[in-house]
Amino acid sequence: MNLLVTGGLGFIGSNFIRLWLSRHPDCRLVNLDNLTYAANPDSLKDVQSNPNYRFVKGDICDDKIVQQLMPSTDFVVHFAAESHVDRSINDPYLFVKTNVLGTYILLKSASKNQIKRFHHVSTDEVFGSIGTESKNQFSESTPYDPSSPYSASKAASDHFVRSFGKTFGLPITITNCSNNYGPYQHPEKFIPRMITNLIDGHKIPVYGQGLNLRDWLYVEDHCLAIETVLLKGKVGETYCVGGLKGGTRNIDLVKQVLSIFGLDDSWIEYVADRPAHDNYSVDWSKIKTELGWEPKFTLESGLKATVDWYRSNETWWRLAKKEAEEFYTKLKALSV
Ligand code: NAD
Ligand code: TYD
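A short tour of the structure in this document, coming up. All of these numbers come straight from a predicted model, not from anything done at the bench.

On to the packing of aromatic side chains, then. The full count for this structure, using the stated rule, is 19 aromatic pairs. Taken together, a centroid distance of 5.2 Å and an interplanar angle of 40° make the contact between Phe127 and Phe138 tilted. Note that Phe127 is positioned in the loop between strand S5 (117-123) and helix H5 (149-168) and Phe138 in the loop between S5 and H5, a separation of eleven residues in sequence. Residue class for Phe127 comes out buried when judged on its relative accessible area of 3%. Taken together, the ring pairs connect Tyr104, Phe160, Phe164 and Phe168 into an aromatic cluster. The ring centre of Tyr239 lies 4.8 Å from the NZ or CZ of Lys286, which sits over that ring.

Let us now look at helix H6 (residues 190-199). Counting buried positions along H6 yields eight of ten residues, so the element is predominantly enclosed. Of all the positions in H6, only Ile191, Pro192, Arg193, Met194, Ile195, Thr196, Asn197 and Leu198 are classed as buried. Packed against the buried residues of H6 are strand S7 (179-181), strand S8 (204-207), strand S9 (213-218), helix H8 (250-261), helix H10 (299-312) and helix H11 (314-335). One or two residues past the end of H6 sits Gly201, with phi positive at roughly 80°.

So, on to the pairing of strand S10 (residues 238-241). Going residue by residue along S10, you find Thr238 and Cys240 tucked away on one face and Tyr239 and Val241 tucked away on the opposite face as well. Strand direction decides the pairing type here: strand S6 (residues 172-177) and S10, joined by four bridges, are parallel. By the bridge assignment, Ile174 is partnered in S10 with Thr238.

Turning to the site of ligand 2, a few remarks are in order. Around ligand 2, 16 residues are found, and the nearest of them are Glu125, Arg193, Arg214, Arg274 and His277. Arg193 is positioned with one of its side-chain polar atoms (N or O) 2.7 Å from an oxygen atom of ligand 2. Within the side chain of Asn250, an N or O atom sits 2.9 Å from an oxygen atom of ligand 2. For ligand 2, whose free accessible area comes to 510 Å², the fraction covered by protein is 97%. Going through the elements one at a time, H6 and S8 are the ones with two or more residues in the shell around ligand 2. Ranked by the residues each element gives to the shell around ligand 2, the list is headed by S8, at three residues. Of the residues belonging to the shell around ligand 2, the class tally is six nonpolar, four polar and six charged.

Parameters and conventions
- Residues numbered from 1 in each chain as written.
- Chains lettered and ligands numbered in written order.
- Predicted model: local features only at pLDDT ≥ 70, side-chain atom pairs only at ≥ 80, totals over all residues.
- Heavy atoms only, no water.
- Phe/Tyr/Trp six-rings, centres within 6.5 Å; stacked < 30°, edge-to-face > 60°.
- Helix = DSSP H or I, 4+ residues; strand = E, 2+ residues; numbered from the N terminus.
- Buried < 20%, exposed > 50% of the residue type's maximum accessible area, 1.4 Å probe, protein only.
- Lys NZ or Arg CZ within 6 Å of the ring centre and 35° of its normal.
- Contact = heavy atoms within 4.5 Å.
- Pairing = 2+ DSSP bridges.
- Near = heavy atom within 4 Å.
- Polar contact = N/O pair within 3.5 Å; in protein donor to acceptor, adjacent residues only side chain to side chain.
- Areas by Shrake-Rupley, 256 points an atom, 1.4 Å probe, with all protein chains shown as cover.
- Nonpolar A, V, L, I, M, F, W, Y, C, P; charged D, E, K, R; others polar.

This is a description of form; function is not addressed.
Here it is as structure tokens:
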């Protein structure tokens, strides 16, 4: 089987490629990534010499490159996206281009080449907000109601993927997953930002009162969910994917991270809230019942593994951390 993975030098894509190549040594895999600020080639240093792995530097919006790669592809696993909500608020254009137009270019070529499966990696953020009750959850039947330019662009891409399934018979599947965390995540995102701040002796910036809910899933569990859908999922279907604990308040997550470091609440700094700040939690009973997937990592075990990884891999995150904090400083200056 030949896989075309897009965005494989980002957080989830790189974890997926490592996992897939180790579990499917008979498969060939091409990684198409245009190396945005969010990519880090070091994330796949250990697989570079694998003869079944090939990296192609290129943009998913580039028709020509996509047309060259698609004829030898059986499965597309589409991760490539602009993925950061705060950046989408600051400058939505790239989100429309990459997430909507890029997905369309891939779909068009996949359809023309009659590939066996187009798997689209999407987010629970397309559903909007569950309100403040953690017992409320999104499921596959929740209507779309995106709040940020990021989630709006992902919602649009989901609609295009489904439309290519219905109109052109492209064999598609979609996963809408909750917040991921784990090794190789860019330090602009909340969990690695907290960990790297504490390693550097800085406080954790908490938006608003820290009462927003996120449903956290360890990245390896997400990669296994995608593998499960690729191998056992029903064409045309969507599967919601989430963590064991459901909606967790940011402040409770912060306290859990602080306790791993043996630090108290004085390391919290409350800062201005994000506009249109949503709450998320996911009901993943469909993928469990129909395909037998469930998460293996608890939030406790996943957070500990993640803290250990960032402590041991400072060279991987140091430059990205500097750039991320420069971005946040600029954002703060713009909002004053
Ligand atoms: P990321 O930002 O870490 O990585 C994105 C990757 O895509 C980078 O390597 C980047 O260089 C590449 N890319 C961006 N634009 C491209 C383009 N035009 N052409 C080719 N490559 C391009 O993202 P992530 O956190 O790994 O997320 C991957 C996917 O999973 C995204 O589609 C995201 O919406 C989805 N998702 C993420 C989460 C999460 O918590 N991180 C949760 C659910 C779904
Ligand atoms: P983030 O990692 O940006 O993911 P997303 O917004 O896509 O879910 O943020 C996760 C949560 O953490 C979100 O509720 C915003 C909050 N947050 C903070 O409180 N402080 C921070 O410095 C960041 C980056 C996020």
